[in-house]
Amino acid sequence: MTETIGNGLFPPPSMPWVERRDSPIKYGVPVSLGAEAAPACTTSRLDPREHIVIIGGGFGGLTAALALRHAPVRVTLIDRRNYHLFQPLLYQVATAGLSPADIASPIRAILRCQRNTTVLLGKVTGIDVAGKAVLTDKRRVVYDQLVIATGARHAYFSHEEWEQFAPGLKKIDDATDIRRRILLAFEWAENSTDEREQQRLLSFVIVGGGPTGVEMAGAIAELARKALSTDFRNIDPRSARIVLVESGSRVLASFPETLSAVAKRALERLGVEVRLGTRVSCCDPEGVIVSNERIEADTIIWAAGVVASPAAKWLDAEKDGAGRVVVGRDLTLEGHPEIFVIGDTALAKATNGKPLPGIAPVAKQQGAYVARVIAARVRGRPALAPFRYRHLGTMATIGRKSAVVDLGKFRLSGFLAWLLWGFVHVYFLVGFRNRLAVMMGWLWAYITFERGARLITGHET
Ligand SMILES: Cc1cc2nc3c(=O)[nH]c(=O)nc-3n(C[C@H](O)[C@H](O)[C@H](O)COP(=O)(O)OP(=O)(O)OC[C@H]3O[C@@H](n4cnc5c(N)ncnc54)[C@H](O)[C@@H]3O)c2cc1C
């Protein structure tokens, strides 16, 4: 029983549980499909294993999928992108230190050897909770248990119109767009004969003093002061002005105060102006207005806030101010033990009642936990204890040889912290090729101050 989609046969032999769109049977019982627009992908009469659908191949979703490799279930992982992205190093793509392929791996290749798992490329547009089905732009996928790990995107605090002037950093495309803007600013400054315009072009404002903002500011400062310093004839890239704007009283607010102070000093040594207690009230093509002062700048980068993916809307579920779905201690949606929400999309609480932060270790530990819960359920084993997050520490880097590391009782800053930061990031990258590429890239940059990925793409004069 096959149906042709595009040029391929549907379902392919590896997906025997996929039934025809017009099949009158799901879960072995007749159903009415009504005016459904998309083809159906349903539980099979041939394969009795439970069908686990995971939305999102980021840190949470991919960890869950990998942890289900030996479970007696069929897994379908759906992502709108064909790659898993290591977001903590995105800022290095945006500042020409690494190439996109160094920090991304095809999801299909990562799960190639996992026989119980199918990867589908598609954008999820909704969830039919009553019908237990995920709706994508391509088809309808029926599940027995569902894991939602669709992450978050940047938020502009009701000023979405600022996005065109102040892009955020979340995807590869964002990173290459920011890289283009930064490199073009130097090129246009070299072309200009107007000093004021040159100064505007060589001014960079980063909004938000969290880890991403601090890392971006440090990397742009090093790009200007080192990598580009001798490449131009009409301008001096070292004169570039880099301003980091933070509305709170310190950078890296989630770190201990001593490390925040260390990070601020390290940024200032690199020539970054750190403006604390300063809120942006306007972004436009000419620059920003902060605390009634206009800073003229050609490049503005937004690193000030995130909002969860629209999963709460899909589920019609309770959410917090950042759009995160409220979940119980077992990470399921209230009244729906078959639906798990994890990672940046979920509002889960630590044992002390505080919301868990939107960081990769939370998403990964939650992904591993829901896989254990699912495996225990299908094997008929007793329910697991509630999810408990083990905080291993946080770190941020400032430039090419300084970082701050908070491991709870143990704190570190400077070069040793930077080495630890580098080791941890390489260790957690997916794929040997990427680890090698990143290590070689860093070694080369460390010795030569060069930035190997200085390509202006997506623009032609
Ligand atoms: C620039 C940056 C730097 C960061 N640095 C750090 C750091 O140093 N340390 C740290 O711990 N954390 C860091 N984080 C945070 C960390 O990356 C996130 O907490 C983590 O990625 C959350 O994992 P997740 O699985 O919830 O979501 P993600 O990893 O974002 O994955 C979500 C996945 O869902 C897919 N998806 C989304 N919507 C849909 C849809 N409608 N249909 C289909 N697929 C969809 C996406 O394509 C993506 O693959 C950083 C984040 C950013 C943006």
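Residues numbered from 1 in each chain as written. Predicted model: local features only at pLDDT ≥ 70, side-chain atom pairs only at ≥ 80, totals over all residues. Heavy atoms only, no water.

Description of empty space enclosed by the protein
Link 1 in the chain: Tallied over the full model, the rule gives 2 cavities of 30 Å³ or more.
Link 2 in the chain: In this structure, the largest cavity spans a volume of roughly 290 Å³.
Link 3 in the chain: Taken together, 22 residues form the lining of the largest cavity, with Gln92, Glu222, Arg400, Ala445 and Arg451 sitting closest to its centre.
Link 4 in the chain: Broken down by element, the lining of the largest cavity gets its largest block of residues, 7 residues, from helix 6 (residues 211–227). (1 Å grid on protein atoms, 1.4 Å probe; cavity = no way out; pocket = protein on both sides within 12 Å on 5 of 7 lines; lining within 4 Å. Points joined across faces, edges and corners; volume = space filled by probe spheres on them. Helix = DSSP H or I, 4+ residues; strand = E, 2+ residues; numbered from the N terminus.)

A look at the packing of helix 10 (residues 415–428) against helix 11 (residues 432–448)
Link 1 in the chain: Where helix 10 contacts helix 11, the two axes come as close as 9 Å, and the packing angle between them is 155 degrees. Taken together, helix 10 and helix 11 sit at an angle that is classed as roughly antiparallel. Along the contact surface, helix 10 presents Phe415, Trp418, Trp421, Gly422, His425, Val426 and Tyr427, while helix 11 presents Arg435, Val438, Met439, Trp442 and Tyr446.
Link 2 in the chain: Partitioning the contact of helix 10 with helix 11 into residue classes produces 9 nonpolar, 2 polar and 1 charged. (Axes fitted to C-alpha atoms, helices over the stretch in contact; angles between N-to-C directions. Parallel < 35°, antiparallel > 145°, perpendicular 65-115°, else oblique. Contact = heavy atoms within 4.5 Å. Nonpolar A, V, L, I, M, F, W, Y, C, P; charged D, E, K, R; others polar.)

As for the sheet that holds strand 10 (residues 117–121)
Link 1 in the chain: With respect to topology, 6 strands assemble into an open sheet ordered 10-7-6-14-26-25, the strand pairing being mixed. Among the strands making up the open sheet, the edge pair consists of strand 10 and strand 25 (332–333).
Link 2 in the chain: As judged from the 4 bridges shared by strand 6 (residues 50–55) and strand 14 (residues 145–148), these two strands associate in the parallel manner. Looking at strand 14, one finds that Val53 is bridged to Leu146.
Link 3 in the chain: Each of strand 6, strand 7 (73–79), strand 14, strand 25 and strand 26 (336–341) is contacted by helix 9 (residues 360–378), which is oriented at about 155 degrees to strand 26, the strand it contacts most. (Pairing = 2+ DSSP bridges.)

Quick look at the site of the ligand
Link 1 in the chain: The local shell around the ligand holds 27 residues, among which Gly60, Asp79, Gln87, Val124 and Asp344 are the closest.
Link 2 in the chain: For the ligand, an oxygen atom lies 3.5 Å from a polar atom in the backbone of Ala149.
Link 3 in the chain: Contact between the ligand and Ile359: an oxygen atom at 3.3 Å from a main-chain N or O atom of the residue.
Link 4 in the chain: Protein chains bury 91% of the 990 Å² of accessible surface belonging to the ligand in isolation.
Link 5 in the chain: Elements represented by at least two residues in the shell around the ligand include exactly helix 1 (59–67) and helix 9.
Link 6 in the chain: Looking at the shell around the ligand, the element that brings in the most residues is helix 9, giving 3 residues.
Link 7 in the chain: Its residues assigned to classes, the shell around the ligand shows 10 nonpolar, 11 polar and 6 charged. (Near = heavy atom within 4 Å. Polar contact = N/O pair within 3.5 Å; in protein donor to acceptor, adjacent residues only side chain to side chain. Areas by Shrake-Rupley, 256 points an atom, 1.4 Å probe, with all protein chains shown as cover.)

Side note on the sheet that holds strand 17 (residues 241–245)
Link 1 in the chain: Within the open sheet, the 4 strands sit side by side as 18-17-16-22. Their pairing is parallel. Edge positions in the open sheet fall to strand 18 (272–275) and strand 22 (299–302), since each of these has one partner strand only. The sheet shows a mean angle of 15 degrees between the axes of neighbouring strands, direction not considered.
Link 2 in the chain: Alignment of strand 16 (residues 203–207) against strand 22, held across 4 bridges, turns out to be parallel. Residue pairing across strands places Val205 opposite Ile300, the latter belonging to strand 22.
Link 3 in the chain: In the packing of helix 6 onto the sheet, contacts are made with strand 16, strand 17, strand 18 and strand 22, and the angle to strand 17 comes to roughly 175 degrees.

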